[in-house]
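# Overview (structure and organization)
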Amino acid sequence: QFGCMTEKSGLKEKQFTAYNIEIIDHQAGTSTIIVKRFSQLWALKHRIKYSLSKTWYLLLSPFPPKKWFDNDSPQVIAARCTEISVWLNSFNKVP
C-alpha cells in the first residue's frame, strides 16, 4: 500500500515539490518513505509503460497528467498526490 504527502524544497528560484511516498508492508508491519519529484515519477511511469505488456499496463489506474501552468498550486499538488497514490496502489492488480 502506498500513501503520499508533499513538501516544498529548494531556494525560491529553484523551488520544487517533493512527493513523500510511504510504502507500507502490512504483513511485515514495516514502512519506508521515499522522496521523489513529479518528473522522476513521470520517468518511472514511462519505464513501466514500455516494460509491461499492454494488457497489464491497462490494468493500472491513470497517471496524473503533466501541467505546464499552475503546477505548484495547492489544488494541483493535492490532486496529483491522490492520483499518484491511486496509481501506485493499482499495481496490486497486475499479476
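Keep in mind the model is a prediction, meaning the values are calculated, not measured. Each chain has its residues counted from 1, running along the sequence as written. This being a predicted model, a pLDDT of at least 70 is required before a residue's local features are given, and a value of 80 or more before pairs of side-chain atoms are given or counted; all residues contribute to the totals for chains, interfaces and linings. As a rule here, side-chain values cover all heavy atoms of the structure and leave hydrogens and water aside.

Here we come to the confidence of the model for the protein. Low pLDDT means the predicted atomic positions in that stretch should not be read closely. Looking at the protein as a whole, its pLDDT mean stands at 85, while 85% of the residues score no less than 70. Across the protein, the element-wise mean pLDDT spans from 58 in strand 1 (residues 2-9) up to 93 in helix 1 (residues 38-51). Along the chain, pLDDT gives the predictor's confidence residue by residue, from 0 to 100. Numbering of helices and strands runs from the N terminus; a helix is a DSSP stretch of H or I covering at least four residues, while a strand is a stretch of E covering at least two.

All right, on to the pairing of strand 3 (residues 30-37) then. Examined bridge by bridge, strand 2 (residues 16-25) and strand 3 share eight bridges and lie antiparallel to one another. Note on strand 3: the bridge partner recorded for Ala18 is Arg37. Where strand 2 hands over to strand 3, the hairpin turn is made up of four residues, of which Gly29 adopts a positive phi near 70°. Two strands pair if DSSP finds at least two bridges between them.

A word on the nonpolar core. Within the largest apolar cluster, 15 residues are counted, with the highest numbers of intra-cluster contacts made by Tyr19, Phe38, Leu41, Leu60, Phe63, Ile84 and Trp87. For this core, the secondary structure elements donating two or more residues are strand 2, helix 1 and helix 3 (74-89). At five residues, helix 3 tops the list of elements feeding residues into this core. Not counting the four nearest positions on each side in its chain, Leu60 is found in contact with Ile48, Leu52, Trp87, Ser90, Phe91 and Val94. Nonpolar core, defined: a set of buried Ala, Val, Leu, Ile, Met, Phe, Trp, Tyr and Cys residues in which side-chain atoms within 4.5 Å join the residues together. Exposure classes here rest on a 1.4 Å probe applied to the protein chains alone. A residue is buried below 20% of its type maximum, exposed above 50%, and partly exposed in between. Contacts are assigned to residue pairs that have any heavy atoms within 4.5 Å of one another.

Pairing of aromatic rings covers Phe, Tyr and the six-membered ring of Trp, with a centre-to-centre limit of 6.5 Å; geometry is then stacked below 30 degrees between planes, edge-to-face above 60, and tilted otherwise. As enumerated under the stated definition, the model contains five aromatic pairs in all. Judged by centre distance (4.8 Å) and plane angle (85°), the rings of Phe63 and Trp87 are edge-to-face. With Phe63 in the loop between helix 2 (54-57) and helix 3 and Trp87 in helix 3, the pair connects residues that are 24 residues apart, well separated along the chain. For Trp87, a relative accessible area of 1% corresponds to the buried category. A connected cluster of aromatic rings, assembled from ring pairs, spans Phe38, Trp42, Phe63, Trp87 and Phe91. Think of it as a cone above the ring: NZ of Lys or CZ of Arg counts as a charge over the ring if it is within 6 Å of the ring centre and within 35 degrees of the ring normal. Residue placement shows Lys45 over the ring face of Trp42; its charged tip is 4.5 Å from the ring centre.

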